[in-house]
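# Per-entry structural report
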Amino acid sequence: MDIDHQASRPFSCNNLFFLLLLLSSNLLTLFISTTFYSPCSLKSQLQTATAAVAADPPPSEEEDSGTNNAPAVDLPSEFIAFTSPQELPLGFNKNFDSDQIFPPVGSPCTLFTDELRRFMSYKVNGSCPDDELLSQKLLLRGCEPLPRRRCRPASPKEYVEPYPLPDSLWTTPPDSSVVWTAYTCKNYSCLINRSRNQKGFDDCKDCFDLNGREKNRWASDGAKGSNLDFTIDEVLAVKKPGTIRIGLDIGGGVATFAVRMRERNITIVTTSMNLNGPFNNFIASRGVVPLYMSISQRLPFFDNTLDIVHSMHVLSNWIPTELLHFLIFDIYRVLRPGGLFWLDHFFCVGEQLEKVYAPLIESVGFEKVKWVVGRKLDRGPELNEMYLSALLQKPLKNSW
Ligand SMILES: *[C@@H]1O[C@H](CO)[C@@H](O)[C@H](O)[C@H]1NC(C)=O
Ligand SMILES: *[C@@H]1O[C@H](CO)[C@@H](O)[C@H](O)[C@H]1NC(C)=O
Ligand SMILES: *[C@@H]1O[C@H](CO)[C@@H](O)[C@H](O)[C@H]1NC(C)=O
Ligand SMILES: *[C@@H]1O[C@H](CO)[C@@H](O)[C@H](O)[C@H]1NC(C)=O
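Each value, and the rule that gives it
Residues numbered from 1 in each chain as written. Chains lettered and ligands numbered in written order. Predicted model: local features only at pLDDT ≥ 70, side-chain atom pairs only at ≥ 80, totals over all residues. Helix = DSSP H or I, 4+ residues; strand = E, 2+ residues; numbered from the N terminus. Contact = placed C-beta atoms within 7 Å. Near = placed C-beta within 6 Å. Nonpolar A, V, L, I, M, F, W, Y, C, P; charged D, E, K, R; others polar. Buried ≥ 20, exposed ≤ 12 C-beta atoms within 10 Å, placed from the backbone. Core = buried A, V, L, I, M, F, W, Y, C linked by C-beta atoms within 7 Å. Axes fitted to C-alpha atoms, helices over the stretch in contact; angles between N-to-C directions. Parallel < 35°, antiparallel > 145°, perpendicular 65-115°, else oblique. Left-handed = near helix turned anticlockwise from the far one by under 90°. Pairing = 2+ DSSP bridges.

### Thoughts on the overall build of the chain
Broken down by element type, the chain carries 13 helices and 11 strands. Counting only contacts in the chain whose residues sit at least 6 apart along the sequence, the fraction spanning at least 24 positions is 64%.

This is the structure:
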């Protein structure tokens, strides 16, 4: 159930409940009204729990094995402390049109009571548990944003200052800059070697090797594998020099795209998860900005602001189709008129491209600057996989 939705309309459910009771007392209606009523009772339980916690502070550490007949009561006290409505100390605020703030978390957070309880169990003012894996799973399942916590995150014992720019852009950072608990590899040497030595799949398996494939990606002097591989310079040449200045790379691996753009004085923010590797630390160590955000969340940029959005491999047929439709509209939203969306190696299977994805992309309103379709053969031709690389432009005029 959608807690935010309930919170914003605290009376409607109760009204509905009483209305339904009034209308009829036959069994079917009673059943419906009970069903409708449950989210409201969740809300009121939450408020009861909040009141109880306010009177009774210390968080309970006990592990519950997962029976949750009354989920709201099970919510951890620090979660309730964070998400409860907070009175504004200076009273009514015209900008907020309210005298309260409801601190936000992803509405699905409360669906995962066990994980949420573990995540929110810590000593207030103390050290957080070393629980990156848990928090990432929670976030990827939809508890995004995660609730804030009042504890210090695990951090390396012997951290050293990063390499200075511009050396940092192409230098492997020291192992001591990372907390390795969450990953199979325990040092960068292992991550660099893993495409050769390690069996099985990992996202961006060969990305940490800055002298390998990473070195030539999008570079004009690099070996151009196929016409699906646009170079950065050919993309920038589409626009007047200097007019592409700021942008976003969605699911940008180790941020080599942002690094190459930085070398052209273009500022790119790179979203990445830490899927079996310290991607965010690595990106930051290189000296470009990592944004720890999944593909599910609304992009944290205002409408009509960015010059370019790039995404390679990540936006593909593993994403639920309707979510992808919302996502591409969100990209359109944050791009300024005349801004570029470089959809780099989108992949899907056979007819999906014609039947589903091309119409989906076309429905958003971009102009096509480049549109290249090719076979994806890395897992064998029998899978009939396809790639699409497209350069799309938000119309300069009348883009609304
Ligand atoms: C944590 O610090 C705050 C601010 O000083 C204080 O009010 C609170 O009692 C502390 N809580 C604990 C559990 O130490
Ligand atoms: C890196 O980790 C591997 C195991 O994953 C280990 O064998 C190796 O000795 C480590 N290398 C360094 C330099 O710490
Ligand atoms: C990675 O490979 C290099 C050279 O092939 C080797 O010297 C190094 O020990 C390997 N590191 C790990 C952690 O396996
Ligand atoms: C980037 O900016 C610096 C400082 O303004 C300038 O010296 C340099 O030539 C620029 N580089 C490129 C590739 O435009």
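### Digging into the site of ligand 2
The local shell around ligand 2 consists of C185, K186, N187, S189 and C190. Of the residues in the shell around ligand 2, the class split is two nonpolar, two polar and one charged.

### Considering the environment of P395
Here P395 is to be found in the segment after β11 (385-393). Look at P395 and you get partly exposed, because 14 C-beta atoms sit within 10 Å. Expressed as a C-alpha distance, the spacing of P395 and Y332, which sit 63 residues apart in the sequence, is 9.9 Å.

### Considering the nonpolar core
As a rule of thumb, nonpolar side chains are buried together in soluble globular proteins. Of all hydrophobic cores here, the largest spans 54 residues; its most connected members are V254, V309, I331, F341 and L343. Ranked by residues supplied to this core, first place goes to strand β9 (residues 335-349) with seven residues. With residues up to four places along the chain from it excluded, the contact list for I331 reads V309 and F341. Counting 11 residues, the second largest nonpolar core, distinct from the first, contains L75, I80, C109 and F119.

### Thoughts on unusual backbone geometry
Cis geometry is found at the peptide bond from E144 to P145, where omega equals 0 degrees. Within the secondary structure, P145 sits in the loop between α7 (132-140) and β4 (151-152). Omega for the peptide link from L165 to P166 comes to 0 degrees, which places this bond in the cis form. On the secondary structure map, P166 appears in the loop between β4 and α8 (188-197). Backbone geometry at D97 places phi at a positive 55 degrees, although glycine is not the residue there. With respect to the helices and strands, the residue D97 is situated in the loop between β1 (86-87) and β2 (100-101). Positive phi outside glycine occurs at N384, with the angle close to 55 degrees. Looking at where N384 falls in the secondary structure, it is placed in the loop between β10 (367-376) and β11.

### Remarks on the packing of helix α12 (residues 321-334) against helix α13 (residues 352-362)
Axis angle and axis distance: for two packed helices, these are the angle between their axes and the distance between the axes, and together they describe the pair. Orientation of α12 relative to α13, taken along the N-to-C sense of each, is 25 degrees, at an axis distance of 10 Å. Relative to α13, α12 is oriented roughly parallel. For the pair α12 and α13, the crossing hand works out as right-handed. Contact residues: T321, L324, H325 and I328 in α12; V356, L360 and I361 in α13. When grouped by side-chain class, the residues that make up the contact of α12 with α13 number five nonpolar, two polar and no charged.

### Here we look at the sheet that holds strand β8 (residues 306-312)
The strand order β7-β6-β5-β8-β9-β11-β10 describes an open sheet built from seven strands, whose pairing is mixed. In this open sheet, the two strands that pair with only one neighbour each are β7 (289-291) and β10. On average, each strand axis in the sheet is tilted by 15 degrees relative to the strand beside it, whichever way the strands run. Contacts from α13 reach β9, β10 and β11 within the one sheet, and its direction differs from that of β9 by about 155 degrees.

### Description of the pairing of β9
As paired elements, β8 and β9 share six bridges and run parallel to each other. When the bridges of β9 are listed, V309 appears paired with F341. Bridge count for β9 against β11 is eight bridges, and the pairing is antiparallel. If you follow V349 over to β11, its bridge partner there is E385.

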